[in-house]
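Listed here are the chains, written in short residue letters.
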Amino acid sequence: MSVETLKNEVLRTEHLTKIYRMGEVDVVALRDVNFAVRRGEFVAIMGASGSGKSTLLHLLGGLDTPTEGEVYLNGQALSKLSDDQITLLRRQKIGFIFQFYNLLPTLNAVENVALPLMIDGQHPSQYQAKVTELLHLVRLEGRETHRPDQLSGGQQQRVAIARAFVNQPEIVLADEPTGNLDSRSGKAILELLKKVCKEFRTTVVMVTHDPKAASYADRVVFLKDGQILNEIVGQNGRVPFEQIMDFMAALEA
Amino acid sequence: MHALWFIALRNLSQRKFRAFLTAIGVLLGVSVVLAIEVTNQTTIDSLRSVFDRAAGQASLLVIPSSQKDENLKQGLLPTVQSVKGVAVAAPSLRVNTLPADEAGDWQIALNLNGVAVGSFFLLYGIDPALDPQVRVYVLAEGRMPQAGRYEIVLPRKYAEEKKLRLGNGLILLTPQGTARFKITGLLANEGVALINDGVVGFAPLKVVQESFHLEGQLDEIAIRTSETISSKPALLEELKRSLQQRIGKNGDVVYPDSRGVVVSQMLATYQLGLSFFSIIAIFVGSFLVYNTFSMTVSERIREIGMLRAIGMSRKQVLSTVLIEAFVVAFFGSLAGIPLGILLARGLIRMTDAVITPSEEVFSLSVPIILEALAVGIGVALLSALQPAIRASRISPLEALRVRAKSDTKPAKAIWITGFCLIAFGYFVIYGMSWPEHWMFPVGSIAVLTIFLGATLTVTLAIQYLELISRRLAAKAYGSEGRLGSANVRRTVGRTTLTVASLMVSLTMIISINSVATSFKKDMGDWIDSALGGDLYVRSAVTMRQSFGNQLRSVPGVAVVTPTRVLEVRVAPESLPKDTLQNEFYLYAIDPDTFRQIADLQFTDAQADPEASWARLKRGNAVFISNVTAERYRLKTGDRITILTPRGKHSFTIAGVVLDFTGQRGVMYTSYQDLQTYFGESGADRFTLKVAPGYSVDQVAAEIESRYQKRRHISLQSTREFKQSVLNLVESAFRLFDVLGLIGILIGALGVVNTLTMNVIERQREIGALRSIGMTRLQVMRMILAEALAHGTMGGIYGLLFGFLIAQVMVLAMNLMIGYNLSYKFNWQPFLIGLVIAFLVAQMAAIGPAQRAARVNIIEAIKHE
Ligand SMILES: Nc1ncnc2c1ncn2[C@@H]1O[C@H](COP(=O)(O)OP(=O)(O)OP(=O)(O)O)[C@@H](O)[C@H]1O
Ligand SMILES: [Mg+2]
């Protein structure tokens, strides 16, 4: 590996293994996963239900700790950090997008987007402009003071995207961000994600079931039974949909 | 049916922690109700038992006639004994005296709500052979005294305190000097040994009469009848009537209970206070139970919707929820009983400082336990019913769609009702006048109405008060503080109940403290003016008036004024019907010297002090205390008939004066009237004013060295006396402080409960916050801020209603006891209340905050 690629690498895992111990039985959720992501790359992770996608994402974001192996973010080994340090890392360097949005119902759109900055102790005057701009970017102008229960699912997800990008993270981790949306809103979200990602040169790792969604990525990684099976590298910022379908069909067979 | 139990029990076992919290709520409610009921009943019973034991197996008593002010004649005894049905007639005489060695440091027996500061030694003259047949004597050692000998039996406890042993002599003060009694027996701590708090002794009648110059006189003849009569009320009543006929105007035949009734009346204040607290306890306990249940049910609306969707009927849904509530409430209530008993023991210990200490009495009865259980289970079922009905009414689809609401706006009707209730309660108290026996029930209901109204208005107030608490929270906890504070808006119902229970307990603490401060202030002012002077000179036996002149000649004494205290009886026709107590204290004073030292405060609105004093000096007149005036509905210009040794005599009431010495009626008259109508003179106390340039201690030392040995006098400075009285008041109010603390405990539990429920409910949100970079510490601070908001709101409400209720309490004390207190604002209780509100809220939040900080992020955000 050249120095150049090393420098470009944001995220990297080594022998990442996660075993859930359930009484007598061990459930191996991830097994020896070695995987790296370059700066600015949009990676989709696909796999059947239970293949370990979410587990991998959680480990990448420092939400959980691996049984074995290591996650490096910007060359920094996460297992060496304390809980508070990882929390701070999440606050400043990582953005999360969930299938169920996970917005705070008490806060309106602006406040939800500003939440990571608020938590960071920043003063509203410091971030007001930035938040408004982001809401424009996700095309929610006019909805600034709406609360989550006054927004549609797609709109809520756009708020969540804005929130994930608000502190200009190194990397955004998304777990089935379109899983709960109809295909049209899903498409809009994906386009938005891609746009924001390119605009901020942010790395995105997205878990999805949906080959259509995966086709927006620069690269698709396939997981099976906790292991990386294969990957398809796309061209011109797209992985051809047919190629993904072909691969999945091969998997089924 | 079986399926419903299965679902209900499964639900409970899956949500152990929540079930546990709910049960804790019930447990506390039940234990508080139980504790207060038991304390209340024990107080009454222990008093009754003391009097029952003193009266023993006597079924009837002959006491001095209410028509004449004189003792019973011993000559009456054979007449009584000769009446058919009388098995035993035991005569007795009571005198107040003191052991000679205590004369020096003896303090005046000032009676306040039935409590005495320093007390007399009560000497009974009895027939050693007959008395054990009517009273309970349990000898621990030795034997009863022998008739005609100077022998005595004492409670063993008292003897131990005085370091006296069998065979030692006890020297008692008598009008001539002293008399020595040989101790022949020591009494176990029951029966007669409990009379007068155990400061009592029993000697043969004859020697008591002899040494106190009361030959041929009795205070009481206790009558024991045959079993057949005593067990049949009708026969006993007949015997009572024929006895009364036989002795005519020489005495009154009464049932032994009457003295107990008198004392119970003296404790009326306490009982009122305690009953009020038991109502508050039920109220707050219900709150807690309701709070927890409405939470558990409403958060399960989705789940209930699912059950409905798969075909559960409404009735089945209701039953499942109620079964669950019943199981939790049943175990919670059951567990509340031991805690309640423990709490009651503590409370009773506190009251012991104030009321007759009598161990052994602990009035735990089945009805009380059942009542507490009923409150626990009943309130739980009722609390569960409302949300359960609400849940069962929702269509399955709707229930499944229910989402976490961001904010709930209270229904307008709720807070409007709240304001109406407050106004109504206020009007009932201030706008209407009620007959005396209605005052307490109506007043308590009005206060509860106000509390309820206040609670309903919290729903609205949250909108505005939260803005205040948000600023505070932001100051204390930064931006996560702001988030936490805002969270209280989300569950208006829950927040309301939490704020309300904090409010109720704070209100109690603040108002009681305010009343106590007002009371102490007024009492202090009264002592300063009415008692005046610098120094008291007292003696257990009446001093000659001329001793005043000798005192006057001591260097440094500027003024001396004598006071004589008599117990007199007022003719029943002067008092309203059904008045049980007609014994008054009559203070004889010398108006001229008295006014140089002290001053009486006249409480009549149109009082003219000079005219009143002039009227008193003209003679044939008395002043009465404000309590007396209130109780017997007397006023200046009325006449009052007193039974004097020379027959009935009617006096003009020349004025109504402020007095705090207690429930017993108090009157003042001049020495001139004392001489003319009572044929008495002498002084029980001299009040001295020290001349400028002399110190009180100096003068006291001089008087001691001159007279103490010879005259058994005791000296006390006004300052000391005032302090001892104030200390007494302090301890009387301490009981209520303890109750206030229980209230705080409940308030704290309300906060714990609410926050825990909130944390459980918002796991997902907390997980999300943690995932976007909130540290554990910040999560804790967020929860603490939420509690801070509860504290702020509860504090503000508590201050507001504490102020209001304090005034209601002052009004109640004035109306029901006849005091003339005025509410004085004092910031201290309010400050204390506010500090307590914040402290309690913050401390209660620590547990839930830690719980929130430990939330597992992945678990929390994983599934919908
Ligand atoms: N807390 C846990 N305890 C035990 N096993 C778990 C736990 N969390 C996940 N697993 C197991 O780990 C494996 C991987 O789970 P994971 O949630 O990563 O799957 P996934 O690929 O995200 O599936 P899906 O597409 O359904 O979300 C599964 O077999 C799952 O049962
Ligand atoms: Mg998953």
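Residues numbered from 1 in each chain as written. Chains lettered and ligands numbered in written order. Predicted model: local features only at pLDDT ≥ 70, side-chain atom pairs only at ≥ 80, totals over all residues. Heavy atoms only, no water.

A look at the overall build of chain B
- Along chain B, the regular secondary structure elements total 28 helices and 23 strands.
- Relative to its full complement of 864 residues, chain B shows a buried share of 58%.
- Expressed as a percentage of contacts within chain B between residues at least 6 apart in sequence, the contacts between residues at least 24 apart total 83%.
- Carbon and sulfur atoms make up 58% of the accessible area of chain B, which amounts to about 35200 Å² in all. (Helix = DSSP H or I, 4+ residues; strand = E, 2+ residues; numbered from the N terminus. Buried < 20%, exposed > 50% of the residue type's maximum accessible area, 1.4 Å probe, protein only. Contact = heavy atoms within 4.5 Å. Areas by Shrake-Rupley, 256 points an atom, 1.4 Å probe, with all protein chains shown as cover.)

Points about the overall build of chain A
- Helix and strand content of chain A: nine helices and ten strands.
- Counting only residues that meet the buried cut, chain A has 53% of its 253 residues in that class.
- Expressed as a percentage of contacts within chain A between residues at least 6 apart in sequence, the contacts between residues at least 24 apart total 69%.
- Counting only carbon and sulfur atoms, one obtains 48% of the accessible surface of chain A, whose full area is about 11400 Å².

Here we look at the pattern of salt bridges
Residues and elements named next belong to chain A.
- Tallied over the entire structure, the rule returns 30 salt bridges over all chains.
- The residue Arg38 makes a salt bridge to Glu41 at a minimum N-O spacing of 3.8 Å.
- Given a relative accessible area of 46%, Arg38 falls into the partly exposed group.
- Residues participating in the shared-partner salt-bridge network are Arg38, Glu41, Arg219 and Glu231. (Salt bridge = Lys/Arg side-chain N within 4 Å of Asp/Glu carboxyl O.)

Overview of the site of ligand 1
- For ligand 1, the set of nearby residues contains 16 residues, the closest of which are Ser49, Gly50, Lys53, Ser54 and Thr55 of chain A.
- Separating an oxygen atom of ligand 1 from a side-chain N or O atom of Ser49 of chain A is a distance of 2.4 Å.
- A distance of 2.7 Å is found between an oxygen atom of ligand 1 and a side-chain nitrogen or oxygen belonging to Ser54 of chain A.
- Alone, ligand 1 offers 630 Å² of accessible surface; in the complex the protein occludes 70% of this.
- Secondary structure elements with two or more residues in the shell around ligand 1: β1 (9-22), β2 (25-38) and α2 (53-60) of chain A together with α28 (857-862) of chain B.
- Top contributing element to the shell around ligand 1 by residue count: α2 of chain A, with three residues. (Near = heavy atom within 4 Å. Polar contact = N/O pair within 3.5 Å; in protein donor to acceptor, adjacent residues only side chain to side chain.)

Structural notes on the environment of Met46 of chain A
Residues and elements named next belong to chain A.
- When you line up the elements, Met46 lands in strand β3 (residues 42-47).
- Spatially, the C-alpha atom of Met46 lies 8.1 Å from that of Pro211, the residues being 165 residues apart in sequence.
- Residues in contact with Met46, not counting those within four places in the same chain, are Lys53, Thr208, His209, Asp210, Pro211, Ala214, Val220, Val221, Phe222, Leu223, Ile244 and Met248.

Some points on the nonpolar core
- With 83 residues, the main nonpolar core has Leu115, Phe165 and Met206 of chain A as its most contacted residues.
- By residue number, the principal contributor to this core is helix α4 (residues 109-119) of chain A, which donates eight residues.
- Of all hydrophobic cores here, the second largest spans 67 residues; its members include Val488, Tyr668, Val810 and Phe830 of chain B. (Core = buried A, V, L, I, M, F, W, Y, C linked by side-chain atoms within 4.5 Å.)

Structural notes on the packing of helix α6 (residues 153-165) of chain A against helix α7 (residues 183-200) of chain A
Residue and element names in this part refer to chain A.
- Interaxial distance between α6 and α7 falls to 11 Å at its minimum, and their mutual angle equals 15°. Between α6 and α7, the angle is such that the two are roughly parallel. As for how α6 packs across α7, the hand of that crossing is right-handed. The segment α6 lies against α7, with Gly154, Gln157, Arg158, Ile161 and Phe165 engaging Ile189, Leu192, Leu193, Val196, Cys197 and Phe200.
- By residue class, the composition of the contact of α6 with α7 is eight nonpolar, two polar and one charged. (Axes fitted to C-alpha atoms, helices over the stretch in contact; angles between N-to-C directions. Parallel < 35°, antiparallel > 145°, perpendicular 65-115°, else oblique. Left-handed = near helix turned anticlockwise from the far one by under 90°. Nonpolar A, V, L, I, M, F, W, Y, C, P; charged D, E, K, R; others polar.)

Let's talk about the interface of chain B and chain A
- Listed as interface residues are 24 residues of chain B and, on the opposing side, 24 residues of chain A.
- Taking both partners together, chain B and chain A bury about 2400 Å²; carbon and sulfur atoms supply 62% of that area.
- Where chain B touches chain A, the interface holds two salt bridges.
- Its salt-bridge partner being Arg776 of chain B, residue Asp83 of chain A comes within 3.0 Å of it at the nearest N-O pair.
- Summed over the shared surface of chain B and chain A, the result is nine residue pairs in polar contact (both at pLDDT 80 or more).
- For the side of chain B that touches chain A, the elements supplying multiple residues, two or more each, are α16 (436-487), α25 (763-771), α26 (776-817) and α28 of chain B.
- The element contributing the most residues to the side of chain B that touches chain A is α25 of chain B, with six residues.
- Among the residues making up the side of chain B that touches chain A, the classes are represented as nine nonpolar, seven polar and eight charged. (Buried area = accessible area lost by both parts, 1.4 Å probe.)

Description of the pairing of strand β17 (residues 583-589) of chain B
Residues and elements named next belong to chain B.
- The buried fraction of β17 amounts to five of the seven residues, a majority that puts the element mostly inside the structure.
- With seven bridges joining them, strand β16 (residues 557-570) and β17 adopt antiparallel strand pairing. Considered in β17, the bridge of Arg569 is made with Glu583.
- Bridging between β17 and strand β21 (residues 665-670) involves six bridges; their strand directions are parallel. Residue pairing for β21: Ala588 is matched across the bridge by Thr669. (Pairing = 2+ DSSP bridges.)

Comments concerning the packing of aromatic side chains
- Scanning the entire structure with this criterion turns up 25 aromatic pairs over all chains.
- Where Phe326 of chain B meets Phe330 of chain B, the ring centres are 5.8 Å apart and the plane angle is 25°; that geometry is what we call stacked. In this pair, Phe326 of chain B and Phe330 of chain B are both assigned in helix α12 (residues 314-352), four residues apart and thus about one turn of the helix distant.
- Connected via pairs of aromatic rings, a cluster forms that spans Phe594, Phe602, Trp613 and Phe623 of chain B.
- The lysine or arginine in question, Arg238 of chain A, covers the ring of Tyr216 of chain A, its NZ or CZ lying 4.3 Å from the ring centre. (Phe/Tyr/Trp six-rings, centres within 6.5 Å; stacked < 30°, edge-to-face > 60°. Lys NZ or Arg CZ within 6 Å of the ring centre and 35° of its normal.)

Describing the side chain of Asn487 of chain B
- Residue position: Asn487 of chain B is located in helix α16.
- Residue Asn487 of chain B is classed as buried on the basis of its relative accessible area, which comes to 4%.
- Polar contacts involving the side chain of Asn487 of chain B include one to the side chain of Arg490 of chain B, which spans 3.0 Å.
- Apart from residues no more than four positions distant in its own chain, Asn487 of chain B is found in contact with Thr106 of chain A together with Arg762 and Glu786 of chain B.

Examining helix α22 (residues 671-678) of chain B
Residue and element names in this part refer to chain B.
- Regarding α22, the residues found buried are Tyr671, Asp673, Leu674, Tyr677 and Phe678. The buried residues of α22 all sit within an arc of 160° when viewed along its axis, so they share a single face.
- Remark: Gly679 follows α22 within two positions and exhibits a positive phi of approximately 60°. (Arc of directions from axis to C-beta.)

With respect to helix α27 (residues 827-853) of chain B
All names here are of chain B.
- A rise of 1.5 Å per residue sets the reference length of α27, with its 27 residues, at 39 Å; its end C-alpha atoms lie 38 Å apart and thus fit the reference within 8%.
- Roughly 40° is the biggest bend found in α27, and it falls at Ile846, with proline Pro848 one to four residues downstream.
- A distance of 2.8 Å separates the backbone nitrogen of Gln828 from a side-chain oxygen at the start of α27, and that oxygen is part of Asn826. (Expected span 1.5 Å × (residues − 1). Bend = angle between axes of the 7 residues up to and from the residue.)

A short note on a nonpolar patch on the surface
Residue and element names in this part refer to chain B.
- Together, Phe803, Phe825, Trp827, Leu831, Val835, Leu839, Met843 and Ile846 give the surface a local cluster of nonpolar side chains, amounting to about 830 Å² of exposed area.
- With six residues, the single largest contributor to the nonpolar patch is α27.
- As for its placement among the helices and strands, Val835 is situated in helix α27.
- The exposure class of Val835 is partly exposed, given its relative accessible area of 43%. (Patch = residues over 30% accessible without salt bridge, like charges linked within 9 Å, V, L, I, M, F, W, Y side chains within 5 Å.)

Examining the sheet that holds strand β4 (residues 68-73) of chain A
- With antiparallel pairing, the four strands of this open sheet are ordered in space as β2-β1-β4-β5 (chain A). With partners counted over all chains shown, the strands left at the sheet margins are β2 and β5 (76-77) of chain A, one partner each.

Focus: the packing of α4 of chain A against α6 of chain A
Residues and elements named next belong to chain A.
- Running from amino to carboxyl end, α4 crosses α6 at an angle of 30°, the nearest separation of the two axes being 7 Å. In terms of orientation, α4 and α6 fall into the roughly parallel class. Both α4 and α6 take part in a crossing whose hand is right-handed. On the side of α4, the interface is formed by Ala109, Asn112, Val113, Leu115 and Pro116, while α6 contributes Val159, Ala162 and Arg163.
- A per-class count over the contact of α4 with α6 returns six nonpolar, one polar and one charged.

A look at the confidence of the model for chain B
Residues and elements named next belong to chain B.
- Predicted confidence across chain B gives a mean pLDDT of 80, with 81% of residues reaching 70 or more.
- Averaged pLDDT values over the elements of chain B bottom out at 37 in strand β5 (residues 115-117) and peak at 94 in strand β8 (residues 151-155).
- Throughout residues 104-118 the model reports pLDDT below 50, and contacts reaching past four residues in sequence, or to other chains, amount to 45 contacts.
- Confidence over residues 258-266 falls short of pLDDT 50; this stretch has 15 contacts with residues more than four positions distant or in other chains.
- Here the predicted complex scores 0.69 on pTM and 0.78 on ipTM. (pLDDT = per-residue confidence, 0-100.)

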